[in-house]
Amino acid sequence: MNFGWTLVIQAGVTAAAVISVLAVFWFAVVKPHLDRKVEEVIQASREIEPAVKRGVRQGVEETLRELPESTAKESTRQFLRFGSNLFENGLSSFLGDVPGQGRKPPG
């Protein structure tokens, strides 16, 4: 055999040996480790979702309980005022100017 063929065979055997060692390391060490980690993440996500739901529900309930009644009434009053002004302005844009619109209502 000449030197060229010996060199090619040596490179092929070396590449096969390296690939074999890497494959054994991947399937014996890395893949099982990654499978365990993925399973841990899946299990943690299954436990987190109900806890988040409970936390959000409890936070909303506490906020509503602590919200002063006057604040809720005032917010409702402002919302109704905004809605009536919006409705009134919408009608006036269809019907034209309403007499006395420039005056402010008493109160």
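Presented here is an overview of the structure given in this document.

Conventions used here
- Residues numbered from 1 in each chain as written.
- Predicted model: local features only at pLDDT ≥ 70, side-chain atom pairs only at ≥ 80, totals over all residues.
- Heavy atoms only, no water.
- Helix = DSSP H or I, 4+ residues; strand = E, 2+ residues; numbered from the N terminus.
- Buried < 20%, exposed > 50% of the residue type's maximum accessible area, 1.4 Å probe, protein only.
- Areas by Shrake-Rupley, 256 points an atom, 1.4 Å probe, with all protein chains shown as cover.
- Salt bridge = Lys/Arg side-chain N within 4 Å of Asp/Glu carboxyl O.

1. A closer look at the overall build of the protein
Link 1 in the chain: Secondary structure assignment for the protein yields 2 helices and 0 strands.
Link 2 in the chain: Evaluated residue by residue, the protein yields a buried proportion of 1% over its 107 residues.
Link 3 in the chain: When the accessible surface of the protein is summed, it comes to about 9,900 Å², and 67% of that surface belongs to carbon and sulfur atoms.

2. Concerning the pattern of salt bridges
It is possible for side chains of opposite charge to pair when their charged atoms get near one another.
Link 1 in the chain: Within this structure, the stated rule accounts for 3 salt bridges.
Link 2 in the chain: For lysine 53, the salt bridge is made with glutamate 49, and the minimal N-O distance between the two is 3.8 Å. Of the two residues, lysine 53 and glutamate 49 are both situated in helix α1 (residues 3–66); the distance of 4 residues between them amounts to about one turn of the helix.
Link 3 in the chain: According to the relative accessible area criterion, glutamate 49 is partly exposed, its value standing at 48%.

3. Concerning the environment of asparagine 2
Link 1 in the chain: As for its position among the elements, asparagine 2 is in the segment before α1.
Link 2 in the chain: Asparagine 2 gets classed as partly exposed once you look at its relative accessible area, which sits at 47%.

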